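For reference, the chains in residue letters:
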Amino acid sequence: MKKKLELNIIDKKQIPEVEPERQYYFMDIAKAYVKQLAERKGSPLTFHVTTFGCQMNARDSEKLVGILEHIGYVETETENADFVIYNTCTVRENANNKVYGRLGVLQSYKKKNPHMMIGLCGCMMQEPTVVEKLKESYRFVDLIFGTHNIYKFAELIVTSMESNSMTIDIWKDTDKIVEDLPVERKYSFKSGVNIMFGCNNFCSYCIVPYVRGRERSREPKEIIREIEHLVADGVVEVMLLGQNVNSYGKNLEHPMSFAQLLQEIEKIEGLERIRFMTSHPKDLSDELIEVMKHSKKICKHLHLPLQSGSSRILKIMNRHYDKEHYLELVDKIRTAVPDIALTTDIIVGFPGETEEDFEETMDVVRRVRYDSAFTFIYSKRTGTPAAAMEEQVAEDVVKERFDRLLKEVQRISAEKAGTLTGQTLPVLIEEINEHDASLVTGRLGNNSVVHLPGNADMIGRIFPVRLEECRGFYYVGKVDEA
Ligand code: SAH
Ligand code: SF4
Ligand code: F3S
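Procedures and definitions
Residues numbered from 1 in each chain as written. Chains lettered and ligands numbered in written order. Predicted model: local features only at pLDDT ≥ 70, side-chain atom pairs only at ≥ 80, totals over all residues. Heavy atoms only, no water. Near = heavy atom within 4 Å. Nonpolar A, V, L, I, M, F, W, Y, C, P; charged D, E, K, R; others polar. 1 Å grid on protein atoms, 1.4 Å probe; cavity = no way out; pocket = protein on both sides within 12 Å on 5 of 7 lines; lining within 4 Å. Points joined across faces, edges and corners; volume = space filled by probe spheres on them. Polar contact = N/O pair within 3.5 Å; in protein donor to acceptor, adjacent residues only side chain to side chain. Areas by Shrake-Rupley, 256 points an atom, 1.4 Å probe, with all protein chains shown as cover. Axes fitted to C-alpha atoms, helices over the stretch in contact; angles between N-to-C directions. Helix = DSSP H or I, 4+ residues; strand = E, 2+ residues; numbered from the N terminus. Parallel < 35°, antiparallel > 145°, perpendicular 65-115°, else oblique. Left-handed = near helix turned anticlockwise from the far one by under 90°. Contact = heavy atoms within 4.5 Å. Expected span 1.5 Å × (residues − 1). Buried < 20%, exposed > 50% of the residue type's maximum accessible area, 1.4 Å probe, protein only. Pairing = 2+ DSSP bridges. Salt bridge = Lys/Arg side-chain N within 4 Å of Asp/Glu carboxyl O. Core = buried A, V, L, I, M, F, W, Y, C linked by side-chain atoms within 4.5 Å.

Visitor: Explain the site of ligand 2 to me, please; I cannot follow it from the model alone.
Guide: Taken together, the neighbourhood of ligand 2 is formed by Cys199, Asn201, Phe202, Cys203, Tyr205, Cys206, Val208, Pro209, Gln243, His280 and Arg319. Among the residues forming the shell around ligand 2, the class breakdown is 7 nonpolar, 3 polar and 1 charged.

The structure is reproduced here in C-alpha cells:
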C-alpha cells in the first residue's frame, strides 16, 4: 500500500472554481508532492504513457505527458517507471484483452517499487463492466478515469496521491471543452489538433459513441489560435481530428462547415500541410471537394471508411449511404483531385453478412483500388445494437473471407505503389532512417513513405525530392537540387 501524502499548503477555500485555473492550481500542488517524493527516492520520478487505439487517444496522451512533465516527472522508455498510464481503447475486444494481459506485468514491477503509481484512462474505462472487473481483480491500480474528464488529470493525480485506495472518476458524458492546458508533442514539426469530440452516428457495430459521448465541436477561433501557436513553435503539418470531421461545426453557436474551417486554416502563414481524419461518406459535401481541389495545403489523401460494400449491410450498420453513393463520391473526388490517395476501413463478418454481401465489398475494393486499407474482423461490442443481432457469422467463415479480402487489398496496393516514380515532389522529413543512419525518412502529401540520403538537420523541413525508385511500399529518392 502506498504512503498517503499530505501538504499543509492546501487551503480548500482557495481552490479556483473555473478552468483551466483550477487545474493549474492542482499542478502546483502535484509539483510539490512530486518534489517531495523525488527527494525521498533520491532521483527524479519517472513516467511512461502507453497509448492504445486511434489518433484521438494519441493526442490525449500528449496532454497527459504535458501535465506530467509540467509537474516534474521525467519520461522514460520502459514501463518499469514511477507512474505508468495506459490510455486504453475498446473499439474491438482484442484491444481490451491486451490491457488486462499487460496489467499483470505492471503488478510485478509495482511489487518491487512500492512508490509506483498505475493509472488507467481512455475509452475502455467508460464501460462499467470494465471498472467493476478492475475493482474486483486489479486492486493494485491507483487511478482510473475516463475520456470526458482527462482535462482534470492534475486534480486526479493530487486526489490519488492523497488517498491510499483506488481513485475512480468516470463521467457518463460532458458538454465541456477545456482549453489551454499543457501539451507535450511527440513530434516537433507535426501535430494532431482536435476539432471536435465525441460521435453522434451510432453505427450499429460501434462502441465509440458510448465511450466518447455526444458530438461537440471546438470554436473555430480556439482551433486557429492553437494552430497559430503550433506553427510559431515549429509545426508545419497538422492533422485535424474528429470521429466525423465532415459534420464539424453543426452544434456551434455560429454554425460553420468543415469546408469553411479548412479555408480559415489554409490562411495560417507558415503552415504547410493540412490532413484530417476521419471523413464519414454520408457527410462528405461537394463544398469540401471543391475546397480540396483548390487548396495548396490540404494533402492529397482521403481516408474514407467503407465498412462494407453491400448496401443491405450498410443499412443495418446505420451508415446512411449505399454502395452506389459511395462509388459516386469516389468518382467525384478523383475527378476533382486526380492523383489523390484513397484509403479506407473495412469490417468483415458483420452479423448476417452473406457470401453475396461479402462479394459486394470485394467489388468495391476492386473498383476503387485503394492505396491501402485497414481490414478488421467484426468484434461484438456489448451494448451496441449489432451485438444483439442473431445471425453472428461463424468464425471460420469470417476468417476465410478476411484472408481473401486482405490478399486482394494487398495485391492492389502493390500494383498502385510506385505510380509517382520519376516525379519530383515535396517530402516532409520526419526522422533518421531506422536501419541506415545515412538516410532520412519522410512522407509525401499522399502519405507515402520516402527514404533518401540526408541528416538530422533536415528533420521537420520540406524538400523537393526526386522519387527514383519504388521498393515494395516505399520510395527511394534524392533531394532535387535543381
Ligand atoms: N469514426 C471513424 C471510425 C472510428 S473506429 C469512422 O466512422 O470512420 C475505426 C475503425 O474501427 C472503423 O472505421 C471500423 O472499421 C472499425 N470498427 C469499429 N467498430 C468495430 C467493431 N465492432 N468490430 C470491428 N471493427 C470495428
Ligand atoms: Fe463509430 Fe460510426 Fe461514430 Fe465512426 S462514425 S466512431 S464508426 S459510430
Ligand atoms: Fe479506440 Fe476510443 Fe479511438 S475506442 S479507436 S481509442 S475513440
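Following the structure, the description resumes.
Visitor: Hey, could you run me through empty space enclosed by the protein in this one?
Guide: The probe, sized like a water molecule, is rolled over the atoms to show the empty space still left. Within the structure shown, the criterion is met by 2 cavities of 30 Å³ or more. Of the volumes computed, that of the second largest cavity is approximately 40 Å³. Every residue along the wall of the second largest cavity is listed here: Met56, Met196, Phe197, Gly198, Arg212, Gly242 and Gln243. A per-class count over the lining of the second largest cavity returns 3 nonpolar, 3 polar and 1 charged.

Visitor: What's the story with the site of ligand 1 in this structure? I'm lost.
Guide: Surveying the vicinity of ligand 1 reveals 15 residues, the closest of which are Gln243, Pro305, Gln307, Asp345 and Ser379. At 2.8 Å, a side-chain N or O of Gln243 approaches a nitrogen atom of ligand 1. A distance of 3.4 Å separates an oxygen atom of ligand 1 from a polar atom in the side chain of Arg319. Out of a free accessible area of 540 Å², ligand 1 has 90% covered by protein chains. The residue makeup of the shell around ligand 1, split by class, is 7 nonpolar, 4 polar and 4 charged.

Visitor: Whenever I open this one, the packing of helix α8 (residues 258-266) against helix α9 (residues 286-294) confuses me. Can you help?
Guide: For the pair α8 and α9, interaxial distance at closest approach is 8 Å and the crossing angle is 20°. In terms of axis orientation, α8 runs roughly parallel to α9. Judged by the twist between their axes, the crossing of α8 over α9 is left-handed. In this structure, α8 contributes Phe258, Ala259, Gln260, Leu262 and Gln263 to the contact, and α9 contributes Glu287, Leu288 and Val291. In terms of residue class, the contact of α8 with α9 is made up of 5 nonpolar, 2 polar and 1 charged.

Visitor: Before we go on, may I ask you to explain helix α2 (residues 55-70) in this structure?
Guide: The α-helix winds at 3.6 residues per turn, so residues separated by three or four positions along the chain end up facing the same way. With 16 residues, α2 should reach 22 Å at 1.5 Å per residue; the first-to-last C-alpha distance of 23 Å fits that figure. Residues of α2 that are buried: Met56, Asn57, Arg59, Asp60, Ser61, Glu62, Leu64, Val65, Gly66, Ile67 and Leu68. Just downstream of α2 lies Gly72, where phi reads positive at about 110°.

Visitor: Whenever I open this one, the sheet that holds strand β13 (residues 341-348) confuses me. Can you help?
Guide: The strands making up a sheet are joined through hydrogen bonds of the backbone, oriented either antiparallel or parallel. On the basis of which strands lie adjacent, the open sheet formed by 3 strands has the order β12-β13-β14 and parallel pairing. Among the strands making up the open sheet, the edge pair consists of β12 (301-303) and β14 (372-377). Neighbouring strand axes in the sheet, compared pairwise and without regard to direction, differ in orientation by 10° on average. Note: β13 against β14, 6 bridges, orientation parallel. Looking at β14, one finds that Ile346 is bridged to Thr375. Across the face of the sheet, helix α13 (residues 395-416) comes into contact with β13 and β14 while running at roughly 175° to β14.

Visitor: Teacher, can you tell me more about the pattern of salt bridges here?
Guide: Working definition: two side chains of opposite charge can pair if their charged atoms are close together. Under the defined criterion, the tally for this structure stands at 44 salt bridges. For the salt bridge of Glu355 with Arg401, the shortest nitrogen-to-oxygen distance reads 3.6 Å. In this pair, Glu355 is assigned in helix α12 (residues 355-368) and Arg401 in helix α13, connecting sequence segments 46 residues apart. Through salt bridges with shared partners, a single ionic network connects Glu353, Glu355, Glu359, Arg366, Arg369, Glu400, Arg401, Arg404, Glu408, Arg411 and Glu415.

Visitor: Please clarify how the layout of surface pockets should be interpreted in this entry.
Guide: Taken as a whole, the second largest pocket holds about 710 Å³ of empty space. Contributing to the lining of the second largest pocket are 30 residues, with Lys63, Asp180, Leu181, Val183 and Glu226 lying nearest its centre. Elements with a contribution of two residues or more to the lining of the second largest pocket: α2 and α7 (220-232). Residue composition of the lining of the second largest pocket, by class: 10 nonpolar, 6 polar and 14 charged.

Visitor: Would you explain the nonpolar core in this entry?
Guide: Generally speaking, a soluble globular protein has its nonpolar side chains buried in company with each other. Residues Ile227, Leu240, Phe258 and Ile265 are the most contacted members of the largest nonpolar core, which totals 70 residues. No other element matches the 6 residues that helix α11 (residues 323-336) contributes to this core. Sequence-distant contacts of Ile265, that is, excluding residues within four places in its chain, are made with Ile223, Ile224, Ile227, Leu240, Leu271 and Ile274. Among the nonpolar cores identified, the runner-up in size contains 35 residues, and Leu64, Leu68, Phe145 and Val178 belong to it.

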